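A structural walkthrough
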Amino acid sequence: MGVNNEEESSGSRLISRREMLKLTLAGAAGLAAAACAGPPAPTPPTPTPTRAPAVPLKKEVIVVHMASKPHLDPAMGLMIHVFNPAQNLMDTLSHLDHDLKVLPRLAISWKPLDDLTWEVKLREGVKFHDGRTCDAAAAKASFDYMTDKETPARTFFANWESLEVVNPSTIKVKTKKPEPYFPNVLTRFWVFPPDILQVKKEFGAKPVGTGPYKLVEYVRGERVTLEVNPNYWGPKPAIERVIFKAAPEASARVAMLQAGQADIIVNVPVEQAKIIEASEKLRLATVASLRRIPIMIDGRKGPPLSDKRVRQAMNYAVDKETIVKTILGGYAVVAPATISPLIEGYNPNVKPYPYDPDKAKALLKEAGWGDGFAVDFHHPTGRWMKDVEVAQAIGSQLGKVGIKTSLLTAEYSTFFGTWSKGEYSGMSMIGTTNPDGAPYSMYRLFLYSKGPWPFSVTDPKLDAMIEQAEATMDRDKRVKLYQEMEVFVQDLAPWIFTHDQKDIYGVNKALKWKPTPHELIYLWDASF
């Protein structure tokens, strides 16, 4: 349905071009007829005609994701395709640039007053799209909303004890224990209108922010249309209108790009990358990504998946190198454990599990599962690079050591909604990422027993390691702790560690836009 809507919504532009072509041809025919008719009869003098206005430059960008937006509230939906419209509609206190550096946004500075207290200075004179003032009171209301028990974003503020309004441009944050990634956490701090707690049920459909763009239309499941906020506190964007759409099928996204019905598409199929590269009007934009695609193993129901030897066997049974080379076309790298090499905590000494089916069989026999077992394997379609093909390959390779998988495929919005409630058992393909640029968030989301999604394997020792690393202010000591954690997690094998994908975008060659490693699509600095 999304593809038809995209075609329909771009129809006005196509018709306009056709009409212009008709007018041009009619004018040319008129000139030709006049030339054949001989000299014209004298006519009264007429005013000199004014010059026709120049054809305006393209001021609209259409971005096509692979999943529709169930709502536009970034505190309620921890998904990149919800964050992307939100990043352009709303402001966080800080943000990551293209090099993963934390920069000021609504906060102009932050400093620790002691080990448990931070002072944050806010930008003055900022207005919400509806004209209300954005100040410390709005920040306090936003904190209360994001730490509400019904708000998924609360996990990122679990260490925050309180937020106090000092004056209209200053807030003071007290933490329960030291917070070394405080500036990174500020990238998760969305500033909502001061009545957010009263309007939270409606906010996802009618968001109001302070960002460079404001909402003009939201058709759930179809499109999100934004236009420039004329009262934005920062530089005015060069792009006047931004439309976010969805097309789950990769081939449909590519077709839209080729037809001029999209300016940026995500997750270009590797087999079509060269076609886009060869186009005169299109370009391929790739970037090493924080996105890791593991297969999470659910050990909550006991053996066989609760046995570490079984999970290690599953890692030995999968030929990740071949998957990267043959299915992913080299647009990925094999992942050894959990932390991306782009951020601190990565351990270069931890090497990926080698492909060793004999070792896998031996471990299964040692664990008492030498005859194999059956397991459900849940995965989405159209969300991550070649997700269906990767799942099929993994299922086939596990089958060769006696692990029979039932592949259960779902469209991503259905898949994620069910998985995020903890309703899947067996194995699940999930993409992890760190859009705040810090390792703590990935661990807290997926591997901490008290986190929101502890649906693979958790461990009391790992919980203690996570808590210790999160509270260590000394960077060298903290990095060492995360590197030790990587060794522990790889041995624990809560996931089949598969690969880090490169993000591949198809882009209108006329558009000046650069992708980020954290997948957030900033349009405020794009131009034609």
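Our subject is the structure that appears above.
Being a predicted model, the structure only gives us computed values, none of them experimental.

Looking only at helices and strands, the protein chain features 16 helices and 17 strands. Taking all 528 residues of the protein chain together, 56% fall into the buried category. Long-range pairs, those at least 24 residues apart, make up 71% of the contacts in the protein chain with a sequence separation of at least 6. When the accessible surface of the protein chain is split by element, carbon and sulfur atoms take 54% of a total near 23,000 Å².

In total, this model carries seven cavities of 30 Å³ or more according to the counting rule given. When its volume is computed, the largest cavity comes out at roughly 210 Å³. Looking at the largest cavity, it is lined by 19 residues, and the ones nearest its centre are Leu78, Met79, Arg291, Gly431 and Thr433. Elements that contribute at least two residues to the lining of the largest cavity include exactly helix H3 (80-89), helix H13 (412-419) and helix H14 (439-446). Sort the elements by how many residues they give to the lining of the largest cavity and H3 lands first, with three residues. A per-class count over the lining of the largest cavity returns 12 nonpolar, four polar and three charged. One number sums up the size of the second largest cavity: a volume of about 140 Å³. Together, 17 residues line the second largest cavity, and Phe83, Gln87, Thr187, Arg188 and Trp190 are the ones closest to its centre. Residue assignment for the lining of the second largest cavity shows that the elements contributing at least two residues are H3 and strand S2 (94-96). Looking at which element gives the most residues to the lining of the second largest cavity, the answer is S2, with three residues.

Close approach of charged atoms allows side chains with opposite charge to pair. For the structure on display, the rule yields 23 salt bridges. For arginine 132, the salt bridge is made with aspartate 195, and the minimal N-O distance between the two is 3.2 Å. With a gap of 63 residues between them, arginine 132 in the loop between strand S5 (117-122) and helix H4 (136-146) and aspartate 195 in the loop between helix H5 (182-185) and helix H6 (196-203) connect regions that are remote in the sequence. Classification of arginine 132 by relative accessible area gives partly exposed; the value is 30%. On the basis of relative accessibility, which here comes to 25%, the residue aspartate 195 falls in the partly exposed class. Arginine 309 is the salt-bridge partner of aspartate 307, the closest N and O atoms lying 2.8 Å from each other. The class of aspartate 307 is buried, set by a relative accessible area of 17%. For arginine 309, a relative accessible area of 27% gives the class partly exposed.

It is worth spelling out the nonpolar core at this point. Of all hydrophobic cores here, the largest spans 161 residues; its most connected members are Trp160, Phe189, Ile264, Tyr443, Phe446 and Leu523. Looking at which element gives the most residues to this core, the answer is strand S12 (residues 282-297), with nine residues. Once residues within four sequence positions are removed from consideration, isoleucine 264 is found in contact with Val61, Ile62, Val63, Val64, Tyr505, Gly506, Val507, Leu511, Trp513, Ile521 and Leu523.

What counts as what
- The residue count restarts for each chain, going from 1 along the sequence in the order it is written.
- Selection of residues for local features in this predicted model requires a pLDDT of at least 70, selection of side-chain atom pairs for listing and counting requires 80 or more, and totals for whole chains, interfaces and linings are taken over all residues.
- No hydrogens and no water enter the side-chain calculation; it runs on all heavy atoms of the structure.
- Working definition: helices are DSSP H or I runs of at least four residues, strands are E runs of at least two. Numbering for both runs from the N terminus.
- Only protein chains enter the accessibility calculation, which uses a 1.4 Å probe; a residue whose area is less than 20% of its type maximum is buried, one above 50% is exposed, and one in between is partly exposed.
- Any two residues whose heavy atoms approach within 4.5 Å are treated as being in contact.
- Reported accessibility uses the Shrake-Rupley method at a 1.4 Å probe radius. Residues are deemed covered only where the shown protein chains occlude them.
- The method works on a 1 Å grid over the protein atoms by themselves. A cavity is a set of points holding a 1.4 Å probe that cannot get out, a pocket is an open set with protein on both sides within 12 Å along at least five of seven lines, and residues with an atom within 4 Å of a point line them.
- Grid points are joined across faces, edges and corners, and a volume is the space filled by probe spheres set on the points.
- Under the convention adopted here, Pro, Cys and the residues Ala, Val, Leu, Ile, Met, Phe, Trp and Tyr are nonpolar, Asp, Glu, Lys and Arg are charged, and Gly plus all remaining residues are polar.
- Only one rule defines a salt bridge in this text: a Lys or Arg side-chain nitrogen within 4 Å of an Asp or Glu carboxyl oxygen.
- In plain words, nonpolar cores are sets of buried Ala, Val, Leu, Ile, Met, Phe, Trp, Tyr and Cys residues tied together by side-chain atoms within 4.5 Å.

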